[in-house]
Amino acid sequence: MKKIIATALSMTMAMSLAACGGGAASSAAPAASSAPAASQASAPAASDGVITVGFAQVGHESDWRTASTKSAQDVFSAANGYDLKFVDCDNDSAAQLEAVRNFIEQDVDYIIIDPIVSTGWDTVLTECEDAGIPVIVIDRTIDDSDKYVSWVGSDFKIEGLACGEWLKAYAADKGMSEINALVIEGSTGASATIGRTDGFKEIADREGWNIMASQSGDFTEAGGQEVMESYCQSYKGKFNVVICQNDNEAAGAMTAMDNAGITYGVGGDVVLVSFDANKPYVQMVCDGKINANFECNPMAAPTVSEIIQDLEAGKTPEKEIYVPEHWFAAEDNVPSIDVNGETLEVIHATQDVVDARPY
Ligand code: GZL
């Protein structure tokens, strides 16, 4: 029945597009770090059909996650022709697999997954395939199966490499003779954690830096504070760099360092780096509390809507679609970095830059 509806829907859409002589309502992926309003996201052309989407979200662990969820709720709205069935899986992989199986039972039209961890997916994706329900993966990656239509997200290793290349240039400009770094990792098994860890470590190994410890703060503020408190007890006076793999961990690390009387940021004893670049944390870069922040764009939903529209129209979307991201620094002493042979701008986070941030 679903396939018949989809086909009829596609024919209807093709006829309506032909009648108005238009191409796809919108095919552009969201502009760099722009967060197109829901009305700008392409609603499915079929005005008389409602497309049911099941979304199994990681959880609610961070500001980044909140922005990701809001983007999906804005785009997959009734006004845009969708019926969104949203499940917050609360960082529980078993609950996420159960949510996907429930979507199959509910016979949704499409399933969106942001995978808490990158393995253990082939069985349930095979069940989705057998049920004829296309799966679109966003943000984190699935590394043990390719039974999904498309993935929309970030290159986490590039984020880690960019962090390392920026630190190399920053340390040279500041005359830092050695790097003794502490890393607060994200959730164990998450591809974002794996990529950022591998990328930064590749530069650290190349440059002979000392990564004194690398523990998971689970992408939460409480986790970041707990790990940083432990680090302050074990390494106070011995470290000069802290790498937090997301903004909420950086917030926790700042609290712990404040309590330990350790200074950080511009003019501080410790260089503090974060990932995600949510607006409040780009403000902290502007204010000199965080030295550099590497964006991870949470606005995948508009691109996913384009993919669904393509599928409804019988088109084949790209398998991998990367979202644009930017790097921010508190000072303008490192205007650009070379990552994998590509020169990337490092944006000096002035107040105007902060004010222009969409999320
Ligand atoms: C990365 C995303 C990560 C963010 C964290 O794409 O999955 O999970 O960096 C979030 O803030 O918790």
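Every chain is numbered on its own, with residues counted from 1 as its sequence reads. The predicted nature of this model means local features are confined to residues of pLDDT at least 70 and side-chain atom pairs, given and counted, to a pLDDT of 80 or more, with totals for whole chains, interfaces and linings taken over all residues. Computation of side-chain values covers all heavy atoms of the structure but excludes hydrogens and water.

Draft legend 1. Highlighting helix 10 (residues 301-312). A run of DSSP states H or I qualifies as a helix once it reaches four residues; a run of E qualifies as a strand once it reaches two. Both are numbered from the N-terminal end. To estimate the expected span of a helix, subtract one from its residue number and multiply by 1.5 Å. Under the 1.5 Å per step criterion, the end-to-end length of helix 10 is 16 Å for twelve residues, consistent within 8% with the ideal 16 Å. Burial classes follow relative accessibility: with a 1.4 Å probe on protein chains only, a residue under 20% of its type's maximum area counts as buried, one over 50% as exposed, and anything between as partly exposed. Within helix 10, ten of the twelve residues are buried, leaving the element largely enclosed by the surrounding structure. All of the buried residues along helix 10 are Ala301, Pro302, Thr303, Val304, Ser305, Glu306, Ile307, Ile308, Gln309 and Glu312. Positive backbone phi, approximately 80°, marks Gly314, located one or two places after helix 10.

Draft legend 2. Molecular detail of the packing of helix 3 (residues 93-105) against helix 4 (residues 122-130). Lines fitted to C-alpha atoms define the axes, with helix axes restricted to the stretch in contact, and inter-axis angles between N-to-C directions lie between 0 and 180 degrees. It is the contact of helix 3 with helix 4, at a shortest axis distance of 10 Å, that shows an interaxial angle of 10°. The angle between helix 3 and helix 4 places the two elements in the roughly parallel class. Packed against helix 3, whose contacting residues are Leu97, Val100, Arg101 and Ile104, the element helix 4 presents Thr123, Val124, Glu127 and Cys128 at the interface. Here the contact of helix 3 with helix 4 is built from residues that sort into five nonpolar, one polar and two charged. Orientation categories follow fixed angle ranges, with anything under 35 degrees roughly parallel, anything over 145 roughly antiparallel, 65 to 115 roughly perpendicular, and all other angles oblique. Should any heavy atoms of two residues lie within 4.5 Å, those residues are counted as being in contact. Residue type decides the class: Asp, Glu, Lys and Arg count as charged, Ala, Val, Leu, Ile, Met, Phe, Trp, Tyr, Cys and Pro as nonpolar, and the leftover types, Gly among them, as polar.

Draft legend 3. Up close: the packing of aromatic side chains. A pair of Phe, Tyr and Trp rings is counted when the ring centres sit within 6.5 Å of each other, with Trp represented by its six-membered ring. The angle between the planes then sorts it: under 30 degrees is stacked, over 60 is edge-to-face, the rest tilted. Applying the stated criterion across every chain, the model contains eight aromatic pairs. Both rings, one in Tyr231 and one in Tyr235, keep their centres 6.0 Å apart while their planes meet at 65°; by these two values the pair is edge-to-face. Here Tyr231 and its partner Tyr235 are both found in helix 7 (residues 221-235), four residues apart, which amounts to about one turn of the helix. We classify Tyr231 as buried; its relative accessible area is 0%. Judged by its relative accessible area of 22%, Tyr235 falls in the partly exposed class. Residues Phe294 and Trp327 carry aromatic rings whose centres are separated by 5.6 Å and whose planes lie at 50° to one another, so their mutual orientation is tilted.

Draft legend 4. Representation of the site of the ligand in the model. Around the ligand, a shell composed of 13 residues is seen, among which Glu61, Asp139, Arg140, Arg196 and Asp276 lie nearest. Between the ligand and Ser62, the relevant distance is 3.0 Å, taken from an oxygen atom to a side-chain nitrogen or oxygen of the residue. In this structure, an oxygen atom belonging to the ligand sits 2.9 Å away from a side-chain N or O atom of Arg65. Here the term cavity refers to a set of points on a 1 Å grid, laid over the protein atoms alone, in which a 1.4 Å probe fits but cannot get out; the term pocket refers to an open set having protein on both sides within 12 Å along at least five of seven lines, with lining residues being those that place an atom within 4 Å of a point. Assignment of a molecule to a cavity or pocket requires that more than half of its atoms lie within 2 Å of the corresponding grid points. For the ligand, the cavity whose grid points lie within 2 Å of the majority of its atoms is the largest cavity. Of all elements in the fold, only helix 2 (63-75) and helix 6 (191-207) reach the threshold of two or more residues within the shell around the ligand. Of the residues in the shell around the ligand, the class split is five nonpolar, two polar and six charged. One heavy atom suffices: a residue is near a molecule or strand as soon as one of its heavy atoms comes within 4 Å of it. In the analysis that follows, any N or O atom pair within 3.5 Å is treated as a polar contact, provided that within protein one partner can donate a hydrogen and the other can accept it, and provided that, for residues neighboring in sequence, both atoms belong to side chains.

Draft legend 5. Quick peek at the sheet that holds strand 3 (residues 110-113). Whether two strands pair depends on DSSP finding at least two bridges between them. Here six strands make up an open sheet; going across it, the order is 2-1-3-4-5-11 and the pairing parallel. Here the strands that pair on one side only, and so sit at the sheet edges, are strand 2 (82-88) and strand 11 (320-322). Adjacent strand axes in the sheet meet at a mean angle of 20° when their direction is disregarded. As paired elements, strand 3 and strand 4 (residues 135-138) share three bridges and run parallel to each other. Bridged to Ile112 within strand 4 is Ile136. Strand contacts of helix 3: strand 1 (51-57), strand 2 and strand 3, with the helix running at about 170° to strand 1, the strand carrying the most contacts.

Draft legend 6. Broad picture of unusual backbone geometry. At Phe219, a position not held by glycine, the phi torsion is positive, near 65°. Structurally, Phe219 is set in the loop between strand 7 (210-216) and helix 7. What makes Phe219 buried here is its relative accessible area of 4%. The phi dihedral of Asn340 is positive, around 50°, even though this residue is not glycine. Topologically, Asn340 is positioned in the loop between strand 13 (336-339) and strand 14 (342-348).

By themselves, these observations are geometric and do not establish any function.
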